[in-house]
Structure formats: structure tokens, C-alpha cells
Amino acid sequence: MISNSTTAYQQHDHHRCLKAALQQARNRCSARKVRLTPIRESVLQLLWQSHRPLGAYKIIDQLSASRGKRILPPTVYRALDFLLEVGLIHRLATLNAYIGCPFPDSVHSDYFLLCRECGSVAECSAESVNKAIVSTAQRAGFVVESQTVEILGLCTPCRETAAQQQADE
Ligand SMILES: [Zn+2]
Ligand SMILES: [Zn+2]
Ligand SMILES: [Zn+2]
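So, here's what we can say about the structure. (Residues numbered from 1 in each chain as written. Chains lettered and ligands numbered in written order. Predicted model: local features only at pLDDT ≥ 70, side-chain atom pairs only at ≥ 80, totals over all residues.)

### Focus on the overall build of the protein chain
Then comes step 1: Helix and strand counts for the protein chain come out as seven helices and six strands.
Then comes step 2: In the protein chain, the succession of helices and strands from N to C terminus is β-α-α-α-α-α-β-β-β-β-α-β-α.
Then comes step 3: Intrachain contacts of the protein chain at a sequence separation of at least 6 include 62% that bridge at least 24 residues. (Helix = DSSP H or I, 4+ residues; strand = E, 2+ residues; numbered from the N terminus. Contact = placed C-beta atoms within 7 Å.)

Okay, structure coming up:
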């Protein structure tokens with residue numbers, strides 16, 4: 001099983017996450033002979049500001065603000081499609097938002113742990129989950145094209161804060 005849950009919810013040197021993500025993105029694009037254009041890279045950077053997913057309109061606003069001119073939605077959607085296609089980001093259907101993938105180079109079936117309090121999302125991947133999904137689909141004669149499993153709950157810091165507040169009441 002792989003997961004970035006130890007960093008996603010805790011205080012950490014997030015700059016390292018960002019640096020690693022950008023490096024992985026450059027390597028992946030050059031291996032596939034596709035271009036990580038400035039706009040694509042900027043969108044990826046915005047998604048790596050934190051471990052909280054961002055909706056397309058937030059990305060458009062932030063990008064427009066940082067570039068000092070209005071960036072049109074299709075430009076951002078095209079960049080998002082590219083990043084999805086190359087496997088550098090994921091789309092979280094329930095939130096209608098996007099998040100950077102912390103381990104694009106490993107073959108993985110994703111499931112996401114969404115904290116409903118702080119909004120941070122950890123990505124996990126486990127062979128056993130993947131097998132269960134594939135065999136269930138096979139039994140149903142169903143061909144899986146994409147899968148995103150989203151699990152809602154509370155992360156450790158938020159759970160501790162909630163417990164502390166209850167104790168204080
Ligand atoms: Zn981080
Ligand atoms: Zn991923
Ligand atoms: Zn939380």
C-alpha cells in the first residue's frame with residue numbers, strides 16, 4: 001500500500017512536496033515527449049499549494065490574479081485535461097475539484113481520504129482494493145474505465161481538536 005497520509009494532514013515542509021511534484025512532472029513529460037508549457041506548470045503549481053483540492057474556477061481566479069490578466073476558462077480546462085491525461089493530477093468527483101498526484105510514477109488505483117473539517121486529502125493506493133474492484137466488475141460483466149474512490153471523514157489533527165473541544169465543554 002502506498003499513501004501520502006503522513007504528510008497530507010500534518011505540519012510538514014510542504015516546499016519539498018511541491019519541489020518533488022514539479023520534478024516528477026518534468027521527468028514524466030520529457031519521457032512522454034509532451035510539453036509542460038508555462039500555463040500547464042502554473043496550474044500544477046497552484047494545485048500543489050497545499051493538500052487541499054481546488055475547483056477549476058478557483059484556479060482561473062488565482063491564475064488571473066498572478067498573471068495580471070484574465071485567463072479564460074478553456075485555457076485552464078485544457079491544461080487540466082492535459083495534466084489528467086499525463087497522470088499528474090486527479091479529479092475528485094464529489095467535490096468537483098482537482099488535486100496533484102503525489103506518486104504519478106507508480107501504477108496505482110486511487111482512493112482518497114477526504115477530511116471534512118480541514119479539507120485536506122490524502123491519496124492511497126492498495127493492490128487489494130484494486131483487485132476487489134476489478135473482480136466485482138468482472139462478475140458483473142462490467143469493464144472499468146476509470147475509478148475514483150472517495151472516503152469522507154476526519155484526519156488525526158482534526159479529530160484531536162474535536163476531542164479537545166468536547167473535553168473543554
Ligand atoms: Zn505537502
Ligand atoms: Zn495518483
Ligand atoms: Zn482534517
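### Some details on the pairing of strand S4 (residues 110-115)
Then comes step 1: Of all six residues in S4, five are buried; the element is thus mostly enclosed.
Then comes step 2: Pairing of S4 with strand S5 (residues 121-125), which is carried by five bridges, proceeds in the antiparallel orientation. Bridging from a neighbouring strand, Phe112 pairs with Glu123 of S5.
Then comes step 3: Counted along the chain from S4 to the antiparallel partner S5, the turn is five residues long, and its residue Gly119 has a positive phi close to 80 degrees.
Then comes step 4: For S4 and strand S6 (residues 149-153), the ladder comprises five bridges, and the chain directions are parallel. Residue pairing for S6: Phe112 is matched across the bridge by Glu150. (Buried ≥ 20, exposed ≤ 12 C-beta atoms within 10 Å, placed from the backbone. Pairing = 2+ DSSP bridges.)

### With respect to the packing of helix H4 (residues 56-67) against helix H5 (residues 73-86)
Then comes step 1: In contact at an axis separation of 10 Å, H4 and H5 are set at 115 degrees when each is read in the N-to-C sense. When you trace H4 past H5, the crossing you get is right-handed. Touching Ala56, Ile59, Ile60 and Leu63 of H4 are Pro73, Val76, Tyr77 and Leu80, all from H5. (Axes fitted to C-alpha atoms, helices over the stretch in contact; angles between N-to-C directions. Left-handed = near helix turned anticlockwise from the far one by under 90°.)

### Here's the deal with helix H3 (residues 38-47)
Residues lying three or four places apart along an α-helix face the same way, a consequence of the helix completing one turn every 3.6 residues.
Then comes step 1: Looking at H3, one finds that the buried residues are Arg40, Val43, Leu44, Leu46 and Leu47. Down the axis of H3, the smallest arc covering the buried residues is 160 degrees, so these residues share one side. (Arc of directions from axis to C-beta.)

### Here's the deal with helix H2 (residues 14-31)
Then comes step 1: Given a rise of 1.5 Å per residue, 18 residues ought to cover 26 Å, and the 26 Å separating the end C-alpha atoms of H2 matches this to within 8%.
Then comes step 2: Two residues or fewer past H2, Lys33 is found with a positive phi of approximately 55 degrees. (Expected span 1.5 Å × (residues − 1).)

### What about unusual backbone geometry?
Then comes step 1: The residue Lys33 is not glycine, and still its phi comes out positive at about 55 degrees.
Then comes step 2: Its 6 C-beta neighbours within 10 Å are what place Lys33 among the exposed residues.
Then comes step 3: Its identity as a non-glycine residue notwithstanding, Asn96 has a phi of 50 degrees, on the positive side.

### A look at the sheet that holds S5
Then comes step 1: Overall, mixed pairing links the four strands, which are arranged S1-S5-S4-S6 in an open sheet. What marks the edges here is a single partner per strand, and that holds for strand S1 (2-3) and S6.

### Section: the pairing of S5
Then comes step 1: Pairing analysis gives two bridges linking S1 to S5, with the strands arranged antiparallel. Opposite Ile2, over in S5, you have Ser125 as the bridge partner.

### Considerations on the packing of H3 against H5
Then comes step 1: For the pair H3 and H5, the least separation of the axes is 9 Å and the interaxial angle reads 80 degrees. Compared by their axis directions, H3 and H5 come out roughly perpendicular. Where H3 approaches H5, its residues Ile39, Arg40, Val43 and Leu44 are matched on the opposing element by Thr75, Val76, Ala79, Leu80, Phe82 and Leu83.
Then comes step 2: Residues belonging to the contact of H3 with H5 are distributed by class as follows: eight nonpolar, one polar and one charged. (Parallel < 35°, antiparallel > 145°, perpendicular 65-115°, else oblique. Nonpolar A, V, L, I, M, F, W, Y, C, P; charged D, E, K, R; others polar.)

Limitation: the analysis is restricted to geometry and does not speak to function.
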